[in-house]
Amino acid sequence: MGVAETARPMTRGMSRAELLALPAAVDLETANRALGLGRSKGYELAKRGEYPCRVLRLGNSYRVVTAELQALLGLAA
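So, here's what we can say about the structure.

So, how was this worked out
Residues numbered from 1 in each chain as written. Predicted model: local features only at pLDDT ≥ 70, side-chain atom pairs only at ≥ 80, totals over all residues. Heavy atoms only, no water. Pairing = 2+ DSSP bridges. Helix = DSSP H or I, 4+ residues; strand = E, 2+ residues; numbered from the N terminus. Axes fitted to C-alpha atoms, helices over the stretch in contact; angles between N-to-C directions. Contact = heavy atoms within 4.5 Å. Buried < 20%, exposed > 50% of the residue type's maximum accessible area, 1.4 Å probe, protein only.

## A short note on the sheet that holds strand β3 (residues 61-65)
Step number 1: Within the open sheet, the 3 strands sit side by side as β1-β3-β2. Their pairing is antiparallel. Since the sheet does not close on itself, it has two edges, and those belong to β1 (25-27) and β2 (55-58), each with one partner. If you compare each strand with its neighbour and ignore which way they point, the axes differ by 35° on average.
Step number 2: Pairing between β2 and β3: 4 bridges, direction antiparallel. Across the sheet, residue R57 finds its bridge partner in β3, namely Y62.
Step number 3: Contacts from helix α3 (residues 28-35) reach β1, β2 and β3 within the one sheet, and its direction differs from that of β1 by about 90°.

Structure below.
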């Protein structure tokens, strides 16, 4: 393993139970993790208005509607 590979933290996805237990809206980092997106890519998509589900801009932060995230992942009730 090279230095670049060891310096980068491992991002793990989320289990079905974790996804179903999410609150009504989650931060972009959590949504990125659920979708398997890296931090930079997720923020880039959100800034361009191209995130795969609805993103709400609240001040300096982004929130993702959990119901839409779950529907995108095929977990809608």
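## What to know about the environment of L73
Step number 1: For L73, the location among the structural elements is in the segment after α5 (66-72).
Step number 2: The partly exposed category is assigned to L73, whose relative accessible area is 32%.
Step number 3: With residues near it in sequence (within four places) discarded, L73 still touches L19, A34 and L35.

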